[in-house]
Amino acid sequence: MASISFRHLYKKYPGGVTAVSDFTLEVKDKEFLIFVGPSGCGKTTTLRMIAGLEEITEGELFIGDRLVNDIAPKDRDIAMVFQNYALYPHMTVFENMAFGLRLRKTPKEEIKRKVEEAARILDITHLLDRRPKQLSGGQKQRVALGRAIVRNPKVFLLDEPLSNLDAKLRAAMRTELTKLHKRLGTTFVYVTHDQVEAMTMATRIVVMKDGIIQQVDTPQNLYDFPVNLFVAGFMGTPQMNFIEAMVMNKNGETYLRWGENNIKLPAEKANAPELKDYVGKEVIMGIRPECIHDEPRYLEMFTESTVEAMVDVTELMGAEIYLYLTAEETSFIARVAPTSTARSGDMVKIALDSSKIHIFDKDTERCIIH
């Protein structure tokens, strides 16, 4: 059993700095949980509290059924993979992977068996006699993982393990880590600032800001149903567009007035009881770039949510084009088909998929309706 239970955890430093505040969360057994957020949001501090490398100021931390607040790191049955891999340069790959087992006085035959099995899983058997300076970044990363695997811990802790790799290798290692998690059937707790890593690997994601949990959910739910502006803007590339608008009622229909543009809301959004108190008030309209279109069929489909915009810049991404647009003095991005003929300096008509609009309270930044 390798569940983790955080109960009102705080981490406070001298001088009144609170790095983590009232952190309460249940991590399920065998889950791949990812902490994500900008630098300084408290995600690594939280990971280090699980490892025992940071003292807990307040609250309780359980691994399984055991309270571990005052238990030494070596006795917590966890293994941590660091951002810089932390390999011993004077040791071979085999010796690096065997080091923790030797400290525990594990018999030599068992060490050999465990290291060779981990090396086979990670496809690094041919590297066992090399030293770290002879390895590439990706190979070092696998050795660091191997050193953790041989200990057969209850929990794997990974602190931005892919951040030192190039883009191609990072994508490949994301797949490898997902496969490894399934094969080992162990709880993984992973820290990253890269929301692509979080979206592609996690069973659940914890979005953090200023030491406080903003939302905990599956990747798809975070993307589709963000609870506030911060989560909506953090998840997704390019990020969600945010546009100030006024909620208006006209002839029994509900519109979002954006400058001279009226965006008609579909019935399921217009009739949402949460929206009634916002009629005549300013809100933040959120719409993702892929929900903004310039193809004729979409312009016909969404005739009551079209606007004219100036194309500032176009970026051809191969399978799609990013259009950087300005309308009503507001800049926003559309993600359109590669067949788009829009060019910099053009005035174009675009359609907003009104069924995909999110509306946020301007003051609290909480999501009113999805």
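Everything below is about the structure shown above.
Residues numbered from 1 in each chain as written. Predicted model: local features only at pLDDT ≥ 70, side-chain atom pairs only at ≥ 80, totals over all residues. Heavy atoms only, no water.

1. Things to note about the overall build of the protein chain
What counts is decided by this rule: For helices the rule is a DSSP run of H or I covering at least 4 residues; for strands it is a run of E covering at least 2, with both sets numbered from the N terminus onward. Type-normalised accessible area, obtained with a 1.4 Å probe on protein chains alone, sets the label of each residue: buried when under 20%, exposed when over 50%, and partly exposed for intermediate values. Note on definitions: a residue-residue contact is assigned when non-hydrogen atoms from the two residues lie within 4.5 Å. Note on areas: these come from Shrake-Rupley sampling with a 1.4 Å probe, and a residue is covered only by the protein chains present in the view. Positive charges are assigned to Lys and Arg, negative charges to Asp and Glu, while His and the chain termini are left out of the count. Here the site of a charge means atom NZ of a Lys, CZ of an Arg, CG of an Asp or CD of a Glu.
Helix and strand counts for the protein chain come out as 10 helices and 21 strands. Taking the principal axes of its C-alpha atoms as reference, the protein chain extends roughly 80 × 45 × 35 Å. Here the protein chain holds 370 residues, and the buried ones make up 50% of them. Sequence-distant contacts in the protein chain: of pairs separated by 6 or more residues, those separated by 24 or more amount to 66%. With the model as given, the accessible surface of the protein chain reaches about 17,800 Å², and the carbon-plus-sulfur share is 49%. Across the protein chain, 48 positive and 51 negative side-chain charges occur, with their mean positions spaced 10 Å apart.

2. Let's talk about the side chain of Asp 361
Our working definition: Take a side-chain nitrogen of Lys or Arg and a carboxyl oxygen of Asp or Glu: if they are within 4 Å of each other, that pair is a salt bridge. Under this definition, polar contacts are N or O atom pairs within 3.5 Å; protein pairs additionally need one hydrogen-donor-capable and one acceptor-capable atom, and for neighbouring residues in sequence, both atoms have to be side-chain atoms.
Relative to the helices and strands, Asp 361 is located in strand S20 (residues 358-361). It is Lys 281 that comes nearest to the buried, bridge-free Asp 361 among opposite-charge side chains, at 7.4 Å. Within polar-contact distance, the side chain of Asp 361 engages the side chain of Tyr 278 at 2.6 Å. Aside from chain neighbours lying at most four places away, what touches Asp 361 is Tyr 278, Arg 366 and Ile 368.

3. Notes on the packing of aromatic side chains
Worth spelling out the cut-off: Between rings of Phe, Tyr and Trp, where Trp is taken as its six-membered ring, a pair exists when centres lie within 6.5 Å; planes separated by under 30 degrees are stacked, by over 60 edge-to-face, and by other angles tilted. We call a charge positioned above a ring when the Lys NZ or Arg CZ atom is no farther than 6 Å from the ring centre and deviates by at most 35 degrees from the ring normal.
For the structure shown, the criterion picks out 10 aromatic pairs. Ring centres 5.7 Å apart and planes at 85° place the aromatic pair Phe 23 and Phe 35 in the edge-to-face group. Highlighted residues: Phe 23 in strand S2 (residues 17-27) and Phe 35 in strand S3 (residues 32-36), separated in sequence by 12 residues. Accessibility classification places Phe 23 together with Phe 35 in one group, the buried group. Taking 4.8 Å as the distance between ring centres and 55° as the angle between the ring planes, the aromatic pair formed by Tyr 88 and Phe 99 counts as tilted. With Tyr 88 in the loop between strand S6 (78-81) and helix H2 (93-103) and Phe 99 in helix H2, this residue pair connects regions lying 11 residues apart in the sequence. Classification of Phe 99 as partly exposed rests on a relative accessible area of 26%. Through pairs of rings, three or more aromatic residues link up here, namely Phe 32, Phe 156, Phe 188 and Tyr 190. For Arg 288, the ring lying beneath its charged end belongs to Tyr 223, and the centroid distance is 3.8 Å.

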